Amino acid sequence: MNSAQQLLRSQRDLLLNWTLDHPAPLLRWLRDAEVLSSAHYLSLLERSPSNAVAQALEMVCASEESSQKFLQVLREVQDYYCRDLQVWVERHCRDGVSKPAPAPVKVEEKKRKGPIAKLFKGKSKGFTLTTEVKAEELKPIRSVKMANIRVPISAHKTTLLKRTEQFKCYSEGEGVAANSASHIEIRYTDLFVTEDNDFVDSSQHEYFDLASRRARIYVHQACQRIRPCHLLGPQGTSGRSPKRVKVKGIAGIGKSVAVQRLVYEWAIGKNMREFTCIFDLRFRELNLIEAPLSLLELLGERFRYLEVALPALFTSPSSLLFILDGLDEFKFTLDWSSPDKNIDVRSKVPVSELMVALIKGSLLPEASVILTTRPSTEAPKRFFQRCCVVLGFEEDQVKEYTTKFYKDREVAEKVYDYILNNDNLFVLSFIPLYCYIICTAMAEFFFSGNQDVGDSKSLELNPPRTVSEVYFCYLFTAVKHHALRGSAERSTPRSEVLSRAKQQLTNLGKLAYENLLQKKIMFNRADLEKYGVTPADLQSTFLCQVLQPLKEGTVEMFSFFHLTVQEHLASLYCAINLFRQEDIIQALDFWCFGLRPPSSTAAPLKNTDLTMDKLESLQMFTRFFMGMLRARLAGQLDGLVLSPVDEEDGIPTRLGLWFQDQFKSRELKKQAALNLLHCLMEFHMKEATSMAAPEIKKLNLFKMKLSVVDCAAMHYVLQFSPHKLQELNLGYSNIGNRGLRRLGPILHRCESLYLRYNCLDRQAAILESAVLRSNECQVKKLFMCGNNLGPEGVLELWNALEHNNTVEELYLDITGITERGTEHIVKCLSTNTCLQTLTIVGNDIGEVGRRRLRELEQCRPGLRIIANFVDDLGLLQAYLDWVEEIRADRDQMDSVKNADALQSVLKGLQVAGEQVEKGENAEKAKELQTNLLELLKSSTNLTGGRQVM
């Protein structure tokens, strides 16, 4: 027999002809067999199919070893290709593998007609899938009877591969992507997925809920990362694999893309191989089913080429995986509380009942189910063995995504550095779809030296800094490219570009705004036409980067490709239609506090049908509006608005008075106060902020999970206040070092500064020490409990306090102070005449540390030091109350666990108990110890047996 190398060279044209229609399986398996390097593999995916296969064959034929590997790979992937190739493999590849081939199982094939023929349109007439079955590939198909499903399963895999191998790029509309870099192997970036331990889903705006969750979880370095392909992997100490998995995440976080990648990996034979078949169903498609039907009918209609195999597949349900994507898009009501019905795969029921039965496990309990949904959609946790939350990218993935987005590595590095150094963009970039918007908006500001700078100059804008600026840049870039295509110079003024799109933007904005008030995000053709938006323009105008068509059968729906895009367009509409100062004030009263405006001629105030429960959903929109109003006042919306009206100059002052009144006279909820700070930052006008900031005497954001952008908003506003801040309470806010650093310039003006349980460490202690050394320091009370400052961090604080003359109370409970951390405490604090109270309970300072504290007490008789829980009855009661707070608040429990606080308190109580056995203090200490042990036990049970001690 000729060598493998000679065989391939002589048969090159035949092999090329057979595989060029769908090269992905062949190329991927060649890479995994190390015939192709990863870099070479990715470069081939960017080429045309014929060119990619030709290049691969040329490389394979370079040596006998790679040729032998190619023949082995060809045996593995033959099912994806035509019958002629399979016959060729039978004839030539039997000696090309190290193990003898098992005897084939012959299956009589019938000529298939009807809908399945469409799947193979364009292939050779002889196309069929192989009827030979390798024993090692039959898992979990365990019998000759089950071998009959091989042909339809192969067709299923081929179909899924073609559907999942390309990324959907919104800027490309429905057409085939012109840029092959949209291949999923090239563009996909891993997501941060972790266990979802929240027992109650938040009702606040998705974006803020995500920011809160990241603030709470992301800084906890011990949290478990889960790769999408491991969602059904063994969990906890039990080692059992879950059957029902819920994956939730906000719009644009990457749920559907993760599912797409998972299906792709199964279809190409590289992951989830324990499943014979995966059925991926989208709730958007299920909306079209009105009549009752059975699961057998549903799958037979959805996957026609599997129809004959379904009865056989259902005989082994444990080998089936159902992926149900997008529960939040399902229009039918799901009744989770109804008793389970006795139904099987042939029972005809409404599709909503079918989905509930499948998810709950009353139908096919042995099958596996992965459900994806947004947080706002109910899907009770009790029906799932694993609940996960998608938190988007981590910092490394933002860099990876940026590198993949731009082919020019120099541009990618510039954009990433800009994102990294801008708090607003940095936090946004963790959400994949926001990252896409940012990268699109930034493309024209960062160019390599050889490129023409005309495009960037024609924007007439600086690189965006705030959220609203990012979105306006994205929108304007899209409008500019489409408005000027072949009709004008690239240097056309911005106002002229906007004027050409004025009618479309106005119509689109009105559609966005009026439906936002009703929380409506899906539209049919009649909805669009009612607002003067023409669906036919979707492919030829900037609408393709704003609206997303959803076509299923004869039904056509539309949505903005992200909720925030709808919110931004709604804000733009309001910004170009609210001119009178009083109209703007009435609008803010309405959007922020639900105060219905009196009669007004302004279009956005005519339709004010809004219920109070929808107010929180308008917070991002309100911030966008303030940013767009600033853009209008700066002349950046010229072309969309007429020449400035008389009242324009007085708007910043009038808004300053409005914000001033809110902080001065209104009892603001925490989220409302934070939203007003963000509105002022987006408005970014000193005149308005300088009027509002002095009215903020206290700011209590206790237990608000804050991001670095929230800290940036606080800093931006409070820097304009000439007065001290009586209280800044950021306890349990998880701001971390980066957030504290952002607040650094204003911390010296806070009389009472609460920073308890904020995931701070030595670097935070260094920053706070600089605050205490400042000649302008006005801090009197400093709470740093529950932060891992460590001995080195605390030493920094002692040194700073040596010359400080403002701090009267310092609370350092559970901060990781050791015996070393008490060095210099006598030297530094004995000369400090201002400090009156120092608490350092819950720290393991040892006998030497306690001796130093006794020495300090002698030097400073006016200083009250509490280093032992039983020393102070009030402190014991405070910790008893604290335990009850934790019991009622899972978020607080997360922060406490992160600091190992419960264990530290227990250890401190045990040490104290050895010294004091009787009296009221001893009884309180015993009660606290009992409550702590109960809390730890319940916490272990809630976390599924994972030990928290």
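Residues numbered from 1 in each chain as written. Predicted model: local features only at pLDDT ≥ 70, side-chain atom pairs only at ≥ 80, totals over all residues. Heavy atoms only, no water.

1. Description of helix 16 (residues 351–360)
Of all 10 residues that make up helix 16, nine are buried, and the element is covered over most of its length. Among all positions in helix 16, only Val-351, Ser-352, Leu-354, Met-355, Val-356, Ala-357, Leu-358, Ile-359 and Lys-360 are buried. Its buried side turned inward, helix 16 meets strand 2 (244–248), helix 13 (283–286), helix 14 (295–302), strand 4 (320–325) and strand 5 (368–373). Within two residues after helix 16, Gly-361 carries a phi angle of roughly 95°, on the positive side. (Buried < 20%, exposed > 50% of the residue type's maximum accessible area, 1.4 Å probe, protein only. Helix = DSSP H or I, 4+ residues; strand = E, 2+ residues; numbered from the N terminus. Contact = heavy atoms within 4.5 Å.)

2. Some details on the packing of helix 30 (residues 670–683) against helix 32 (residues 708–718)
Packed helix pairs are specified by the crossing angle of their axes together with the interaxial distance, meaning the distance between the axes. The geometry of helix 30 relative to helix 32 is characterised by a closest axis approach of 9 Å and an angle of 70° between their N-to-C directions. The angle between helix 30 and helix 32 falls in the class roughly perpendicular. Taking contact as the criterion, the partners of Leu-674, Leu-677, His-678, Leu-680 and Met-681 in helix 30 are, on helix 32, Val-709, Asp-710, Ala-712, Ala-713, Met-714, Tyr-716 and Val-717. (Axes fitted to C-alpha atoms, helices over the stretch in contact; angles between N-to-C directions. Parallel < 35°, antiparallel > 145°, perpendicular 65-115°, else oblique.)

3. What to know about the packing of aromatic side chains
Following the criterion strictly, the structure yields 30 aromatic pairs and no others. Judged by centre distance (6.2 Å) and plane angle (25°), the rings of Tyr-757 and Trp-882 are stacked. With a gap of 125 residues between them, Tyr-757 in the loop between strand 12 (750–754) and helix 34 (762–773) and Trp-882 in helix 38 (residues 873–888) connect regions that are remote in the sequence. The class for Tyr-757 is buried, based on a relative accessible area of 4%. Classification of Trp-882 as buried rests on a relative accessible area of 7%. When the centroid spacing of 5.2 Å and the interplanar angle of 75° are considered together, the rings of Tyr-879 and Trp-882 count as edge-to-face. Residue Tyr-879 and its partner Trp-882 are located together in helix 38, separated by three residues, close to a single helical turn. As far as the burial class goes, Tyr-879 and Trp-882 line up, both buried. Cluster of aromatic residues (ring-pair linked, three or more members): Phe-393, Tyr-401, Phe-405, Tyr-406, Tyr-436 and Tyr-474. One Lys or Arg, Lys-270, reaches over the ring of Trp-29 and ends 3.6 Å from the middle of that ring. Here the basic side chain of Arg-738 rests over the ring of Phe-426, its NZ or CZ set 3.8 Å away from the ring centre. (Phe/Tyr/Trp six-rings, centres within 6.5 Å; stacked < 30°, edge-to-face > 60°. Lys NZ or Arg CZ within 6 Å of the ring centre and 35° of its normal.)

4. A few points about unusual backbone geometry
The residue Met-272 is not glycine, and still its phi comes out positive at about 55°. Since its relative accessible area comes to 5%, Met-272 is described here as buried. Here Tyr-757, not a glycine, exhibits a phi torsion of approximately 50°, which is positive.

5. Thoughts on the sheet that holds strand 10 (residues 698–700)
Across the sheet, seven strands lie side by side as 10-11-12-13-14-15-16; this open sheet has parallel pairing. The open sheet is flanked by strand 10 and strand 16 (864–866), the only strands paired with a single partner. Averaged over all adjacent pairs, the angle separating strand axes in this sheet is 10°, with direction ignored. (Pairing = 2+ DSSP bridges.)

6. With respect to helix 14
Burial in helix 14 covers these residues: Leu-295, Leu-296, Leu-298, Leu-299 and Gly-300. On its buried side, helix 14 packs onto strand 3 (277–282), helix 13, helix 15 (310–313), strand 4 and helix 16.

7. Topic: the environment of Val-259
On the secondary structure map, Val-259 appears in helix 12 (residues 255–267). Linking Val-259 and Ile-370, residues 111 residues apart in sequence, is a C-alpha distance of 9.1 Å. Discounting residues that sit within four places of it in the chain, Val-259 has contacts with Ile-323 and Thr-372.

8. Focus on the sheet that holds strand 3
Spatial ordering of the open sheet is given by 1-6-2-5-4-3, a layout of six strands whose pairing is mixed. Taken across any chain shown, the strands that pair with only one partner, and hence form the sheet edges, are strand 1 (193–195) and strand 3. Pairwise comparison of adjacent strand axes, ignoring direction, gives a mean angle of 20° for this sheet. Running at roughly 155° to strand 4, helix 12 makes contact with strand 2, strand 3, strand 4, strand 5 and strand 6 (386–390) of the sheet.

9. Here's the deal with the pattern of salt bridges
By the definition in use, this model includes 41 salt bridges. The residue Arg-83 makes a salt bridge to Glu-90 at a minimum N-O spacing of 3.9 Å. With a shortest N-O distance of 3.8 Å, Glu-751 and Lys-780 are connected by a salt bridge. Taken as a pair, Glu-751 in strand 12 and Lys-780 in the loop between helix 34 and strand 13 (781–783) lie far apart in primary sequence, 29 residues in all. (Salt bridge = Lys/Arg side-chain N within 4 Å of Asp/Glu carboxyl O.)

10. Examining the pairing of strand 4
Among the six residues that make up strand 4, six are buried, leaving the element largely enclosed by the rest of the structure. Here strand 4 shows a buried face lined by Leu-320, Phe-322 and Leu-324 and a second buried face lined by Leu-321, Ile-323 and Asp-325. Pairing between strand 3 and strand 4: six bridges, direction parallel. By the bridge assignment, Phe-279 is partnered in strand 4 with Phe-322. In the sheet, strand 4 pairs with strand 5 via four bridges, with the strands oriented parallel. Looking at the pairing, Leu-324 lines up with Leu-371 of strand 5. Crossover connection from strand 4 via helix 16 to parallel strand 5: handedness right-handed. (Right-handed = clockwise from strand over helix to strand, strands pointing away.)

11. Notes on the side chain of Thr-689
Relative to the helices and strands, Thr-689 is located in helix 31 (residues 686–692). Judged by its relative accessible area of 0%, Thr-689 is buried. A distance of 3.5 Å separates a polar atom in the side chain of Thr-689 from a polar atom in the side chain of Tyr-716. The residues contacting Thr-689, other than those within four sequence positions of it, are Leu-680, Pro-694, Tyr-716, Val-717 and Phe-720. (Polar contact = N/O pair within 3.5 Å; in protein donor to acceptor, adjacent residues only side chain to side chain.)

12. What to know about the nonpolar core
Counting residues in each nonpolar core, the largest one holds 229 residues, and the members touching the most others are Trp-591, Trp-798 and Leu-812. In terms of residue count, helix 22 (residues 467–483) provides more of this core than any other element does, 10 residues in total. Core analysis: the second largest hydrophobic core is formed by 48 residues, Cys-277, Ala-312, Val-349 and Ala-379 among them. (Core = buried A, V, L, I, M, F, W, Y, C linked by side-chain atoms within 4.5 Å.)

13. Quick word on the environment of Leu-605
Examined against the element boundaries, Leu-605 turns out to sit in the loop between helix 27 (581–593) and helix 28 (619–633). By relative accessible area, Leu-605 is classed as buried at 4%.

14. Focus on the packing of helix 28 against helix 29 (residues 651–665)
At a closest axis distance of 12 Å, the pairing of helix 28 and helix 29 adopts a crossing angle of 155°. Taken together, the axes of helix 28 and helix 29 lie roughly antiparallel to each other. Residues Met-626, Leu-629, Arg-632 and Leu-633 of helix 28 touch helix 29, and the partners they reach there are Ile-651, Pro-652, Leu-655 and Phe-659. By residue class, the composition of the contact of helix 28 with helix 29 is seven nonpolar, no polar and one charged. (Nonpolar A, V, L, I, M, F, W, Y, C, P; charged D, E, K, R; others polar.)

15. Description of the environment of Tyr-418
Locating Tyr-418 in the fold gives a position in helix 18 (residues 409–420). A relative accessible area of 22% means that Tyr-418 is categorised as partly exposed. Separated by 47 residues in sequence, Tyr-418 and Arg-465 have C-alpha atoms that sit 9.5 Å apart. With residues near it in sequence (within four places) discarded, Tyr-418 still touches Leu-425, Met-442, Phe-446, Pro-463, Pro-464 and Arg-465.

16. Considerations on the confidence of the model for the protein chain
Regions with low pLDDT carry predicted coordinates that are not meant to be interpreted in detail. When the pLDDT values of the protein chain are averaged, the result is 81; 82% of them are 70 or greater. This stretch, residues 170–181, has a pLDDT under 50; its non-local contacts, to residues over four places away or in other chains, come to 29 contacts. (pLDDT = per-residue confidence, 0-100.)

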